[in-house]
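Structural description and commentary
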Amino acid sequence: MAKFPYPETLNTSELLFDPENPRFPREISSGAENIILEKMIRDERVAEVMQSIGVQGYFEGEPLLVAQASDSKKYYVVEGNRRLAALKLLNGELETPKRLKTVFSIIEDATEKPTKVPCIVFSERKDILRYLGFRHITGIKAWGPLAKARYLKQLREDVYADEPEELQLKMLAKEIGSRSDYVGTMLTGLELYDKAKDSEFFNLPGITEKGIEFTLLTTAIGYRNISDYLGLESKVDTQCENVEDDKLKDVFSWIYSQDQQGNTIVSDSRKLKDLAAVVANQEAVSNLKRKGDLNEAFLMTEGPQVAFSQMLEAAKKKLNLAYETLPSVSEVDKSHEDEIQSIFDLSKSIRSVIKGRLDDE
């Protein structure tokens, strides 16, 4: 990695937020300043940074890393956007959203409101990207998985775009001290995520961008059956050219879509193994789509006959447990009688069908 230039002092008015900040979706990071600001205050704990700077001033030992903006004499802050937001709010360059009373209070109590800040200036944004990988992927200020994936995509496009894909993945892995298959899976997951996001997550209930656990998606495509179901050549098929929208919708509905109680069909990452078995069996997939019960669909993976036997055995065990519990039930009512009558009638119907089929043999 090239040696850093020496820091120089710049006015905060010369500094702009990074339009390609990996921590945010592109439409936010490249959008209006007030939207970026609200996102940072809400999710990035900017108020805490403001409080620290407002009392102690700006720590000279942490210069902002900036790159010259090609269309102006200003600079994009590639590393330090949260600190930039804190500075601009404190010194009044940015208007504080009126409903954020805590921020107003911090500004009012602040004794330090810097308008100049130490910066290390780079001629191009890509010259800073490698450092970001060290700091936020292998270093102590780690980004979340989705931000890491966005960073890898930027580094790939800005630094290694002219290399063949296999070499790209190897070089990216070397940059962050990882394996090429990990990098490939992250980039594939991001491509799937972006496809779903472009389709507004297929308007599935209960899915919000903030609520998506990205690692569930990258873990899911690590199962060959799931990657095959989606139309991926492998878990490192970073182009995702053959992915079918309806299959991607299925996977997002099973992993992320929530019911009214906030529950998902795949309750946690351990259940992805069951989902992998289900998607390899068409009858099980049909059952899952119809019923939305992964446990029941998983039973179908061994065939309807085995599933039917297992369901009867499970029903018998629960009825035995109910019978053993009955003596300790202090009160029974008409609803209990109605429920057991329904079970009795249903059992008779099942027995009648089975008996009829046996008689026909």
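Everything discussed here concerns the structure shown above.
Summarised in this report is the structure supplied together with it. (Residues numbered from 1 in each chain as written. Predicted model: local features only at pLDDT ≥ 70, side-chain atom pairs only at ≥ 80, totals over all residues. Heavy atoms only, no water.)

Below, the discussion takes up the pattern of salt bridges. Going through the model one piece at a time under the given rule, you end up with 17 salt bridges. Two residues, Asp158 and Arg125, come together in a salt bridge whose shortest N-O distance is 3.9 Å. You can see Asp158 sitting in helix α7 (residues 145–159) and its partner Arg125 sitting in the loop between β5 (116–122) and α6 (126–138), a full 33 residues away along the chain. Residue class for Asp158 comes out partly exposed when judged on its relative accessible area of 28%. Of the residues examined, Arg125 reaches a relative accessible area of 13% and is grouped as buried. Among the salt bridges present, the one from Glu165 reaches Arg156, with a minimum N-O distance of 3.1 Å. A residue is classified by how much of its surface remains accessible, and Glu165, at 33% relative accessible area, is partly exposed. What you see here is one network of salt bridges that share partners, running through Asp18, Arg125 and Asp158. (Salt bridge = Lys/Arg side-chain N within 4 Å of Asp/Glu carboxyl O. Helix = DSSP H or I, 4+ residues; strand = E, 2+ residues; numbered from the N terminus. Buried < 20%, exposed > 50% of the residue type's maximum accessible area, 1.4 Å probe, protein only.)

Relative to each other, α7 and helix α8 (residues 165–176) sit at 125°, their axes nearing to 10 Å. On the basis of the axis angle, α7 is oblique to α8. Seen along the crossing, α7 lies across α8 with a hand that is right-handed. Where α7 approaches α8, its residues Tyr151, Leu152, Leu155 and Arg156 are matched on the opposing element by Glu165, Gln168, Leu172, Glu175 and Ile176. Class assignment for the residues of the contact of α7 with α8 results in 5 nonpolar, 1 polar and 3 charged. (Axes fitted to C-alpha atoms, helices over the stretch in contact; angles between N-to-C directions. Parallel < 35°, antiparallel > 145°, perpendicular 65-115°, else oblique. Left-handed = near helix turned anticlockwise from the far one by under 90°. Contact = heavy atoms within 4.5 Å. Nonpolar A, V, L, I, M, F, W, Y, C, P; charged D, E, K, R; others polar.)

A few words on the environment of Asp345. Here Asp345 is to be found in helix α17 (residues 334–360). Note: C-alpha distance between Asp345 and Trp143 (202 residues apart in sequence) is 57 Å.

On to a nonpolar patch on the surface, then. On the surface, Phe308, Leu312, Leu346, Ile350, Ile354 and Leu358 cluster together into a nonpolar patch covering about 510 Å² of accessible area. Listing elements by their share of the nonpolar patch, those giving two or more residues are α16 (304–325) and α17. By residue number, the principal contributor to the nonpolar patch is α17, which donates 4 residues. Examined against the element boundaries, Ile350 turns out to sit in helix α17. With relative accessibility at 33%, the residue Ile350 sits in the partly exposed group. (Patch = residues over 30% accessible without salt bridge, like charges linked within 9 Å, V, L, I, M, F, W, Y side chains within 5 Å. Areas by Shrake-Rupley, 256 points an atom, 1.4 Å probe, with all protein chains shown as cover.)

Turning to the packing of aromatic side chains, a few remarks are in order. Under the counting rule described, the total for this entry stands at 6 aromatic pairs. Taken together, a centroid distance of 5.2 Å and an interplanar angle of 50° make the contact between Phe252 and Tyr256 tilted. Here the two residues Phe252 and Tyr256 agree in accessibility, since each one is buried. Members of the aromatic cluster, joined through ring pairs, are Tyr193, Phe201, Phe202, Phe214, Phe252 and Tyr256. Between the NZ or CZ atom of Lys247 and the centre of the ring of Tyr229, over which it lies, the distance is 4.6 Å. (Phe/Tyr/Trp six-rings, centres within 6.5 Å; stacked < 30°, edge-to-face > 60°. Lys NZ or Arg CZ within 6 Å of the ring centre and 35° of its normal.)

Remember that the coordinates give geometry; whether it matters functionally is a separate question.
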